[in-house]
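An overview of the molecular structure
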Amino acid sequence: MMKFIFLFFPLLLLAQSKITTATIDKRLEKSNALLVDGQTDAMIELNLSILDDAKYINYAEGKLSACYNLALAFSLQYKYNKSNYYLKMMETEFKNSNAEDQEISMNILYSINYRGIKMYDEALKKLKKNLVMADDLKNDSTRHAIKGMLLVQIGKNYAEKRNYDSVTYYGKRIVDELKKSKKMDAGMNTSLKVALLLLSEAKLNQNKIDSAEFYIKAARAVPVNWGNNDFATFKLLGQICDARKQYDSAIVDYEKAVVLATKARNFKKLLELYGLLSQSYEKTGQIDHRNKYEFEYNKLEDSLKKIDNDNLKDTVGILVEEKQKNLKDENHFLLYIIITGIVISVIIVFFINKRLRNKNKILNVKEVETKELSQKLNMVFEEVIQLAKNNDVEFLARFQEVYPEFVPKLLKIEPQLLNTELKFCALLFLNFSTKDIATYTFVQPQSIQTRKNRLRKRLNIPSDEDIYVWMKNI
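Within each chain, residues carry numbers counting from 1 in the order of the written sequence. Selection of residues for local features in this predicted model requires a pLDDT of at least 70, selection of side-chain atom pairs for listing and counting requires 80 or more, and totals for whole chains, interfaces and linings are taken over all residues. Side-chain numbers here rest on the full set of heavy atoms in the structure, without hydrogens or water.

Examining the overall build of the chain
For the purposes of this entry, the term helix denotes a DSSP run of H or I that reaches at least four residues, the term strand denotes a run of E that reaches at least two, and both are numbered from the N terminus. Per the secondary structure count, the chain includes 22 helices and zero strands. Exposure is judged per residue with a 1.4 Å probe applied to protein chains only, and the accessible area is read against the type maximum: over 50% gives exposed, under 20% gives buried, and values in between give partly exposed. Sorting the 474 residues of the chain into buried and exposed places 45% on the buried side. Note on contacts: a residue pair qualifies if any of its non-hydrogen atoms lie within 4.5 Å across the two residues. Sequence separation of 24 or more characterises 63% of the internal contacts of the chain that already satisfy a separation of 6 or more. Surface exposure of the chain reaches about 25,900 Å², of which carbon and sulfur atoms provide 56%. A 1.4 Å probe and the Shrake-Rupley method give the accessible areas. Residues count as covered only by the protein chains that appear here.

Now the structure itself:
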């Protein structure tokens, strides 16, 4: 009897570990649950395993979904280079899949990565291009869902650019688009809730507090569970209380948002919440608590600045790659014209060949110019950074040569700015953290924070806006 059990046991293991498309789909559902809970490390581990199994049985949809989930998880961890790696892996699988919406979903995530390093215009360009592509989707519910997702990301980019008229426009377009669908699923409800939160944020920043409260109540009524990712709701509730000078209630909502953002590991939102809490505690006269969150803000800000600088280099590389790809596509099109011309008439062969050579020369010149420009920009950028680090007297002059529009725009806002203040603004524009500025200018970090606060007042920078983003957007 025991011998029979031992012989049969390996067969049991084999039966239990059999990989099928159904078992992979079930594990992908578990990945969605991990996403809601903000467990991105566990999500990555699970999807790496799913990707291996999907490759083993050559399940195209499984490979695409696993790559997308990995790209999404790494994007949420601000590891945009790794995220882009798995997005590129998706591109090779499209030909083996029937999923008509996967390419657009991939491009949405590319745009999120661009937005993560504040390249808003590149993100918007990609999103609006895909919005046109989405009109060709055959399935009605898929088309409405994908267009809703695209419009959500467009709205988020405009929100970060603080263009609230555009946020309102796209927020309402999302709601209108989703109304066309006969049935709402979890994804569509997510887009609807985001749209309502965007509208609430827009009205809040336009000082229309009652309208902001109306939209946030509508958002909370949407039947979708965001789990730990619902910190945005409590942040807005806190800001509404703050606008009504109900500072104690604002602090309660901000604290709830901090707990959720910490669990979701969304450190950029956590940074914003630390700033809001610091301001609210200052308004209530609780200086110890104000100092605590100001300290947390400065510490987290330093970490995120390093991540931003690393990601900027990686994502710029992706953009250069895309430009080169466009040049190659144009070259292929020209070759097609030549072949067609030869078939049509031998007489014009010479003319077409001559024309092709000229155009190829132009393309080659453009490729060379692109590479040279990229190298020059990197060299100039590094030169300016080094002058700043050395606290060199030539820094401001060289900075103005490289970024000639920046200082005049500042002076248009505040003509009385001193050279020392202009230099400080330049350092913020270049993403130097509080700690870095203190080190290179030989002052205490607390003094740098004080200078930031003073500068906010002189330039009328809203208290809830990231001063670095403001400097970039100018």
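Past the structure itself, the notes keep going.
Examining helix α7 (residues 120-134)
A turn of α-helix holds 3.6 residues, and therefore any two residues three or four places apart point the same way. In this model, α7 (15 residues) spans 21 Å end to end at C-alpha, consistent with the 21 Å of a helix rising 1.5 Å per residue. All of the buried residues along α7 are Y120, A123, L124, K126, L127, N130, L131 and A134. Axial view of α7: buried residues confined to an arc of 165 degrees, hence all on one face. Facing away from the buried side of α7 by over 90 degrees, the exposed positions are D121, K125, K129 and V132. The span one expects for a helix is its residue count, reduced by one, times 1.5 Å. Arc definition: it is the arc formed by the directions from the helix axis to the C-beta atoms.

Things to note about the packing of aromatic side chains
Any pair of Phe, Tyr and Trp rings, taking the six-membered ring for Trp, is counted once the centres come within 6.5 Å. Such a pair is stacked with planes under 30 degrees apart, edge-to-face with planes over 60 apart, and tilted for the rest. Applying the stated criterion across every chain, the model contains 14 aromatic pairs. Between Y158 and Y170, the ring centres sit 5.6 Å apart and the planes meet at 10 degrees, which makes this aromatic pair stacked. Here Y158, found in helix α8 (residues 140-160), pairs with Y170, found in helix α9 (residues 164-179); they are twelve residues apart in sequence, far enough to count as distant. The pair formed by Y158 and Y170 is uniform in burial state, with each residue classed as buried. Between F395 and F399, the aromatic rings sit 6.0 Å apart at their centres with planes inclined by 45 degrees, giving tilted as the arrangement. Residue F395 and its partner F399 are both found in helix α17 (residues 395-402); the two are separated by four residues, about one turn of the helix. Aromatic ring contacts, followed pair by pair, group F395, F399, Y403, F406 and F429 into a single cluster. Charges are assigned to positions over rings by a cutoff of 6 Å between ring centre and Lys NZ or Arg CZ, combined with an angular limit of 35 degrees from the ring normal. The aromatic ring of W226 is capped on one face by K193, whose charged end is 4.6 Å from the ring centroid. One residue, K472, lies across the ring of F429, its end atom 4.5 Å from the ring centre.

Considerations on the side chain of T168
Following the sequence through the fold, T168 ends up in helix α9. Every residue in contact with T168, bar those within four places of it in the chain, is listed here: L199, A202, K203 and Q206.

So, the packing of α8 against helix α10 (residues 186-205)
Orientation is described by axes fitted as lines to C-alpha atoms, over the contacting stretch for helices, and by angles from 0 to 180 degrees between their N-to-C directions. The contact between α8 and α10 brings their axes to 9 Å, and the two run at 25 degrees. Relative to α10, α8 is oriented roughly parallel. Considering only the axes of α8 and α10, their crossing is left-handed. Residue-level contacts link S141, H144, A145, G148, M149, V152, G155, K156 and A159 of α8 to M188, S191, V194, L198 and E201 of α10. Asp, Glu, Lys and Arg are counted as charged, while Ala, Val, Leu, Ile, Met, Phe, Trp, Tyr, Cys and Pro are counted as nonpolar; the rest, among them Gly, fall into the polar class. Broken down by class, the residue content of the contact of α8 with α10 amounts to seven nonpolar, five polar and two charged. Oblique is the label for any angle not covered by the other classes, which are roughly parallel (under 35 degrees), roughly antiparallel (over 145) and roughly perpendicular (65 to 115). Helix crossings get a hand from a simple test, with the near helix turned counterclockwise from the far one by less than a right angle marking a left-handed crossing and a clockwise turn marking a right-handed one.

Describing the environment of L137
With respect to the helices and strands, L137 occurs in the loop between α7 and α8. L137 sits in the buried class, given a relative accessible area of 6%.

Brief notes about the environment of C241
In this fold, C241 is placed in helix α12 (residues 231-243). Under the relative-accessibility criterion, C241 is labelled buried at 13%. Considered as a pair, C241 and I209 are 32 residues apart in the sequence and their alpha carbons are 9.3 Å apart.

A look at unusual backbone geometry
At R265, a residue that is not glycine, the phi angle is positive and equals roughly 60 degrees. Within the secondary structure, R265 is located in the loop between α13 (247-264) and α14 (267-283). In this structure, N460 is a non-glycine residue whose phi angle is positive, near 55 degrees. Its location among the elements puts N460 in the loop between α21 (445-459) and α22 (467-473).

Examining helix α20 (residues 434-441)
Burial in α20 covers these residues: T434, I437, A438 and T441. Buried residues of α20, seen end-on, are gathered within an arc of 100 degrees and therefore sit on one face of the element. Following α20 by one or two positions, F442 adopts a phi angle in the positive range, close to 60 degrees.

Focus: the pattern of salt bridges
The working definition used for a salt bridge is a side-chain nitrogen of Lys or Arg within 4 Å of a carboxyl oxygen of Asp or Glu. Across all of its chains, the model carries 24 salt bridges by this definition. Where D210 meets R244, a salt bridge forms, and the shortest distance between an N and an O atom there is 2.9 Å. You can see D210 sitting in helix α11 (residues 209-220) and its partner R244 sitting in the loop between α12 and α13, a full 34 residues away along the chain. You can call D210 exposed: its relative accessible area is 59%. A salt bridge links K283 to D242, with the shortest nitrogen-to-oxygen separation between them at 3.1 Å. With K283 in helix α14 and D242 in helix α12, this residue pair connects regions lying 41 residues apart in the sequence. Each member of the salt-bridge network shares a partner with another, and the members are D135, K147, E177 and K180.

Side note on the confidence of the model for the chain
pLDDT expresses how confident the predictor is about each individual residue, on a scale running from 0 to 100. With 81% of its residues at a pLDDT of at least 70, the chain reaches an overall mean of 83. Residue range residues 1-16 is modelled with pLDDT below 50. Its contacts to residues more than four positions away, or to other chains, number zero contacts. Overall, residues 327-333 carries pLDDT values under 50, and its contacts beyond four positions in sequence, including any with other chains, amount to six contacts.

Description of the packing of α7 against α8
At a minimum axis distance of 10 Å, the contact between α7 and α8 shows a crossing angle of 160 degrees. Taken together, the axis directions place α7 and α8 in an arrangement best described as roughly antiparallel. In this structure, α7 crosses over α8, and the sense of that crossing is left-handed. Each of Y120, A123, L124, L127, K128, N130, L131 and A134 in α7 lies in contact with α8, whose residues at this interface are R143, I146, K147, L150, L151, Q153, I154, N157, Y158 and E160. The class makeup of the residues in the contact of α7 with α8 is eleven nonpolar, three polar and four charged.

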